[in-house]
Amino acid sequence: MGSQIVGIVIVFLAGVPAGLFTTPLRIMHNYAWENCWFLYSVFATLVFPWVLAFLSVPDVTTILQDADIKSILEPMGCGVLWGVGSVTFGLSCHFVGDSLAFAIILGLTSTLGAAIPLLLLHSDEAGEKAGEYTWAGLGIVVIGLYFVGKAGMRKEKEQAAVESIPEAELLLGSSSIQGDLDDAESAPAKKSFVFGLVLCFCSGVFSPMLNVGIAFGDKIEDASSASGASDSMKKNLLWALVVTGGFLANGIYSIYLMQTQKTWGNFYTGTTGQVVHDLLLSIFMGFLWISGNVVYGIGATMMGSLGTVAGWPIFMVSMVLTATVVSMVAGDYKGTSNTTVLLLCVGLTILLAATIVVALGS
């Protein structure tokens with residue numbers, strides 16, 4: 001029981017760096033999104049995972065040579081699907097707004113990422129205490145994300161309305177302000193909203209494949225353990241295989257954008273200090289993301305056989321909480337109503353409650 005509690009704490013803490021990984025995007029000098037994402041993808045899905053695998057798992061080359069092709073292609077295939085989910089997440093934000101996309105996608109990701117391993121690998125425990133608490137916790141997560149998403153949508157509408165109103169009208173209290181607010185509320189409808197919802201669904205279905213790949217990669221994990229890897233490090237080779245598959249989508253999409261947007265030159269635009277600044281921050285993004293996920297794997301292992309089931313929603317909740325706190329500190333909710341802030345606080349409280357429920361079941 002003691003190790004399980006420690007595992008839960010580790011999983012929750014792992015969500016902090018994972019939730020912070022996009023923060024450096026706020027302070028880039030010259031890089032466009034695709035420049036940052038390309039370098040992040042290279043280091044998060046190729047460089048750091050394989051360096052860690054070779055440092056922490058003995059005889060990596062032998063393990064891969066002895067493994068059957070299915071044991072390698074299955075986790076990599078899950079990684080490719082996760083990469084598609086990552087790309088469609090960014091597109092979803094464009095069409096339906098960050099907050100609605102975040103709520104829908106994270107809700108599906110949390111639910112499917114836990115439900116698929118539970119039903120397919122631990123079906124006998126789905127109706128037991130741990131399974132029942134996990135189901136209950138997932139339901140609470142969805143409710144909490146609804147409130148967070150609702151707050152985010154209100155924030156976007158309120159801020160869009162204020163930005164569309166001339167400063168003089170704000171100061172003088174023009175009677176047309178209410179009309180501007182109404183127009184702002186209909187703004188999302190001008191986008192391809194239905195297409196955006198389809199993208200949200202695709203991202204929500206594909207994104208949890210990251211956890212599914214880890215949950216179903218027991219052969220590689222067992223081989224790593226047999227070669228002498230410690231319990232805390234035995235998932236590292238598996239992580240490397242899964243996220244390498246993810247590079248195929250993330251890296252290729254970034255290259256496509258740099259080609260079409262003609263932003264390759266951003267890598268060497270500006271002073272030496274600016275170039276180094278953007279380069280190091282992009283690499284740091286990769287470090288934050290992979291370190292959070294690797295630490296999640298360590299905590300999930302300590303939680304026991306249902307670690308990748310019960311640990312996944314806890315990890316997701318921690319990421320949401322971290323990203324939201326950063327958003328508030330950065331002033332993203334400046335100028336919003338008290339109702340919006342209240343909805344956000346209610347949502348965050350519910351998410352914390354969901355974490356406690358899942359933890360009790362473990």
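Quick caveat: nothing in here was measured; it's all calculated off a predicted structure.

Caption draft 1: Fine view of the confidence of the model for the protein. Across the protein, the average pLDDT comes to 84, with 89% of residues at or above 70. Model confidence for the protein, summarised as mean pLDDT per element, is weakest for helix α8 (residues 177–185) at 43 and strongest for helix α3 (residues 60–66) at 95. Residue range residues 167–171 is modelled with pLDDT below 50. Its contacts to residues more than four positions away, or to other chains, number seven contacts.

Caption draft 2: Highlighting the layout of surface pockets. For the largest pocket, the calculated volume is near 1400 Å³. In this structure, the largest pocket is lined by 48 residues; those nearest its centre are Phe21, Thr22, Phe89, Cys93 and Phe102. Counting residues per element, the ones that place at least two in the lining of the largest pocket are α1 (2–20), α2 (33–56), α4 (69–96), α5 (98–121), α6 (129–164), α13 (272–302) and α14 (307–329). Residue contributions to the lining of the largest pocket peak at nine residues, all from α14. Tallied by class, the residues present in the lining of the largest pocket amount to 27 nonpolar, 16 polar and five charged.

Caption draft 3: Layout of the packing of aromatic side chains. On inspection of all chains with the given rule, the structure shows 20 aromatic pairs. Consider the rings of Tyr31 and Phe267, whose centres lie 5.4 Å apart with planes at 85 degrees: the pair is edge-to-face. Residue Tyr31 is located in the loop between α1 and α2, and its partner Phe267 is located in the loop between α12 (236–261) and α13; the two are separated by 236 residues in the primary sequence. For the pair Phe48 and Phe287, a centre-to-centre distance of 6.1 Å together with 80 degrees between the ring planes defines the contact as edge-to-face. Of this pair, Phe48 sits in helix α2 while Phe287 sits in helix α13, and the two are 239 residues apart along the sequence.

Caption draft 4: Highlighting the packing of helix α11 (residues 218–226) against α12. Contact pair α11 / α12: the axes reach a minimum separation of 8 Å and the direction vectors enclose 145 degrees. Of the residues in α12, those in contact with Ile220, Glu221 and Ser224 of α11 are Leu237, Leu238 and Leu241. Residues of the contact of α11 with α12, tallied by class, amount to four nonpolar, one polar and one charged.

Caption draft 5: Here's a closer look at α1. The end-to-end C-alpha distance of α1, which contains 19 residues, comes to 28 Å, matching closely the 27 Å that a straight helix rising 1.5 Å per residue would cover. Within the sequence span of α1, burial applies to Gly7, Ile8, Val11, Ala14, Gly15, Pro17, Ala18 and Gly19.

Caption draft 6: Spotlight on the nonpolar core. Counting residues in each nonpolar core, the largest one holds 69 residues, and the members touching the most others are Leu210, Trp289, Tyr296, Phe315 and Leu351. The next biggest cluster of nonpolar side chains, apart from the first, holds seven residues, and it includes Ala101, Ile105, Leu199 and Cys200.

Caption draft 7: The arrangement of the packing of α2 against α13 in detail. Running from N to C, α2 and α13 point in directions that differ by 50 degrees, and their axes come no closer than 8 Å. Relative to α13, α2 is oriented oblique. When the axes of α2 and α13 are compared, the crossing they make is right-handed. Contacts between α2 and α13 pair Cys36, Trp37, Leu39, Tyr40, Phe43, Ala44, Phe48, Pro49 and Leu52 from the former with Leu279, Ser282, Ile283, Met285, Gly286, Phe287, Trp289, Ile290 and Val294 from the latter. Class assignment of the residues belonging to the contact of α2 with α13 gives a composition of 16 nonpolar, two polar and no charged.

Caption draft 8: Looking closely at the environment of Ala115. Looking at the secondary structure, you find Ala115 in helix α5. The exposure class assigned to Ala115 is buried, which follows from its relative accessible area of 8%. Residues Ala115 and Thr134 lie 19 residues apart in sequence; the distance between their C-alpha atoms is 8.7 Å.

Parameters at a glance
Residues numbered from 1 in each chain as written. Predicted model: local features only at pLDDT ≥ 70, side-chain atom pairs only at ≥ 80, totals over all residues. Heavy atoms only, no water. pLDDT = per-residue confidence, 0-100. Helix = DSSP H or I, 4+ residues; strand = E, 2+ residues; numbered from the N terminus. Contact = heavy atoms within 4.5 Å. 1 Å grid on protein atoms, 1.4 Å probe; cavity = no way out; pocket = protein on both sides within 12 Å on 5 of 7 lines; lining within 4 Å. Points joined across faces, edges and corners; volume = space filled by probe spheres on them. Nonpolar A, V, L, I, M, F, W, Y, C, P; charged D, E, K, R; others polar. Phe/Tyr/Trp six-rings, centres within 6.5 Å; stacked < 30°, edge-to-face > 60°. Axes fitted to C-alpha atoms, helices over the stretch in contact; angles between N-to-C directions. Expected span 1.5 Å × (residues − 1). Buried < 20%, exposed > 50% of the residue type's maximum accessible area, 1.4 Å probe, protein only. Core = buried A, V, L, I, M, F, W, Y, C linked by side-chain atoms within 4.5 Å. Parallel < 35°, antiparallel > 145°, perpendicular 65-115°, else oblique. Left-handed = near helix turned anticlockwise from the far one by under 90°.

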